[in-house]
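Analysis of the macromolecular model
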Amino acid sequence: MKKSTQNMAFYVPYILWIALFVIAPMLLIVYQSFFNIEGQFTLSNYATYFQSGTYIMMTINSVWYAFLITALTLLISYPAAYLLHYAKHKELWLLLIILPTWINLLLKAYAFIGIFSQDGGVNTFLRMMGLGTHQFLFTDFSFIFVASYIEIPFMILPIFNGIEELNEGLVNASRDLGAKWWQTFTRVILPLTMSGVKAGVQAVFIPSLSLFMLTRLIGGNRVITLGTAIEEHFLTTMNWGMGSTIGVVLIVAMVVIMFLTGERKKKGGRQA
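Residues numbered from 1 in each chain as written. Predicted model: local features only at pLDDT ≥ 70, side-chain atom pairs only at ≥ 80, totals over all residues. Heavy atoms only, no water.

**Considerations on the overall build of the protein**
The secondary structure content of the protein amounts to 13 helices and 0 strands. Starting at the N terminus and walking to the C terminus, you meet the elements of the protein as α-α-α-α-α-α-α-α-α-α-α-α-α. Seen through its C-alpha atoms, the protein measures out along the principal axes to roughly 75 × 70 × 35 Å. Here the protein holds 272 residues, and the buried ones make up 36% of them. (Helix = DSSP H or I, 4+ residues; strand = E, 2+ residues; numbered from the N terminus. Buried < 20%, exposed > 50% of the residue type's maximum accessible area, 1.4 Å probe, protein only.)

Printed below as a string of structure tokens:
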């Protein structure tokens, strides 16, 4: 009994942290979503959201851009993590991949503004090659490129951890039994590392749903997402109720994504 009480004491800081910085903010957002700009209780915020073509299109844009960013980072990160698994000094290479995450997001955004600007490094190189000057900044391409660059480390790390746990004996057995490389990959390697892929998708897709800084600095407000709308309502129009309503929609979307990409247990206790 005494040992059980001592073990429970270790959970107290964790429970307090979750209660104060996760549950309480979400409850406040839900509570605030039922008030209009005059502070009156109402359900009109939800009615406005679901009846407005503008908000519906913002939702579609948010999901679409988040999907593109996640798909691009996955296509780059899985081969990179796989090669990293077999590389020499992989700890050093892993550190180099993590290093950009230590740099402030705003600094990275301004760095890419300089790179993609009319007089930036990309256009300077193109002019040297005789290809002229092109508009890269404030385009969908630049937004997706920069967002993917920023999110790549968060995709590589869980996939790398999944590949590290891979039983090489199963891979070798597949090859010894005559399986081609793509059969080994699709039937052995990928299913056994799917937990890392799912974790990476969660780590990238969920934050990508609510991007707002990059949509302004890199996308030039051409890319409008729910994150942009929340920023507008909280900082410009001061309509906190509508901003909170959009926040509730984002929270629900994130819960759905976590459910779809989470680990499930089959009957008998086996994980899917």
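**What to know about the layout of surface pockets**
The volume enclosed by the largest pocket comes to roughly 190 Å³. Those elements that provide at least two residues to the lining of the largest pocket are helix 1 (2-32), helix 12 (226-235) and helix 13 (240-261). With 5 residues, the top contributor of residues to the lining of the largest pocket is helix 1. Split by residue class, the lining of the largest pocket holds 7 nonpolar, 4 polar and no charged. (1 Å grid on protein atoms, 1.4 Å probe; cavity = no way out; pocket = protein on both sides within 12 Å on 5 of 7 lines; lining within 4 Å. Points joined across faces, edges and corners; volume = space filled by probe spheres on them. Nonpolar A, V, L, I, M, F, W, Y, C, P; charged D, E, K, R; others polar.)

**Observations concerning the UniProt feature "domain: ABC transmembrane type-1" (unreviewed entry) in the protein**
As annotated by UniProt and renumbered to match this structure, "domain: ABC transmembrane type-1" (unreviewed entry) occupies residues 59-261. Overall, residues 59-261 shows 77% helix and 0% strand. The separation of its end C-alpha atoms is 20 Å. (UniProt positions renumbered as here; feature names shortened; annotations may be inferred.)

**Details of the pattern of salt bridges**
Tallied over the full model, the rule gives 3 salt bridges. We note a salt bridge from Glu164 to Lys90, for which the minimum N-O separation is 3.0 Å. Of the two residues, Glu164 sits in helix 7 (residues 140-164) while Lys90 sits in helix 4 (residues 90-98), which places them 74 residues apart along the sequence. Here Arg216 ties to Glu231 by a salt bridge, and the two come within 2.5 Å at their closest N and O atoms. With Arg216 in helix 11 (residues 213-217) and Glu231 in helix 12, this pair connects stretches of sequence that are 15 residues apart. Owing to a relative accessible area of 26%, Arg216 belongs among the partly exposed residues under this scheme. (Salt bridge = Lys/Arg side-chain N within 4 Å of Asp/Glu carboxyl O.)

**Describing the packing of aromatic side chains**
Summed over all chains, the structure comprises 20 aromatic pairs. Between Phe34 and Tyr46, the aromatic rings sit 5.4 Å apart at their centres with planes inclined by 40°, giving tilted as the arrangement. Placement of the pair is Phe34 in the loop between helix 1 and helix 2 (44-51) and Tyr46 in helix 2, with a sequence separation of 12 residues. A relative accessible area of 24% means that Phe34 is categorised as partly exposed. Overall, the relative accessible area of 18% leaves Tyr46 in the buried class. Members of the aromatic cluster, joined through ring pairs, are Phe112, Phe116, Phe136, Phe141, Phe145 and Tyr149. (Phe/Tyr/Trp six-rings, centres within 6.5 Å; stacked < 30°, edge-to-face > 60°.)

**Some points on a nonpolar patch on the surface**
Together, Val12, Leu16, Trp17, Leu20, Phe21, Val22, Ile23, Met26 and Leu27 make up a nonpolar patch on the protein surface, roughly 880 Å² of accessible area in all. By secondary structure assignment, the location of Leu16 is in helix 1. (Patch = residues over 30% accessible without salt bridge, like charges linked within 9 Å, V, L, I, M, F, W, Y side chains within 5 Å. Areas by Shrake-Rupley, 256 points an atom, 1.4 Å probe, with all protein chains shown as cover.)

**Some remarks on the environment of Gly114**
Take Gly114: it is sitting in helix 5 (residues 105-116). On the basis of relative accessible area, Gly114 is assigned to the partly exposed category, the value being 37%. Once you skip the residues sitting within four places of it in the chain, Gly114 turns out to touch Gly120 and Gly121. (Contact = heavy atoms within 4.5 Å.)

**Concerning the UniProt feature "transmembrane region" (unreviewed entry) in the protein**
Here the UniProt-annotated "transmembrane region" (unreviewed entry) positions come out as residues 12-35, 55-80, 92-116, 136-160 and 238-260. Across residues 12-35, helical content stands at 88% and strand content at 0%; the span's end C-alpha atoms are separated by 34 Å.

**Some thoughts on the nonpolar core**
Formed by 51 residues in total, the largest nonpolar core has its most connected members in Tyr49, Ile69, Phe143, Val146, Ile159, Leu214 and Ile246. Of all the secondary structure elements, the ones that give two or more residues to this core are helix 3 (53-86), helix 5, helix 7, helix 9 (181-192), helix 10 (194-209), helix 11, helix 12 and helix 13. Of the residues forming this core, the biggest block, 11 residues, is contributed by helix 7. In contact with Ile246, not counting residues within four places along its chain, are Tyr49, Tyr55, Leu226, Ala229, Ile230 and His233. (Core = buried A, V, L, I, M, F, W, Y, C linked by side-chain atoms within 4.5 Å.)

**Description of unusual backbone geometry**
For Phe138, which is not glycine, the phi dihedral falls at a positive 65°. Counting through the fold element by element, Phe138 comes out in the loop between helix 6 (121-128) and helix 7. We classify Phe138 as partly exposed; its relative accessible area is 39%. The phi torsion at Met238 lies on the positive side, around 60°, for a residue other than glycine. Residue position: Met238 is located in the loop between helix 12 and helix 13.

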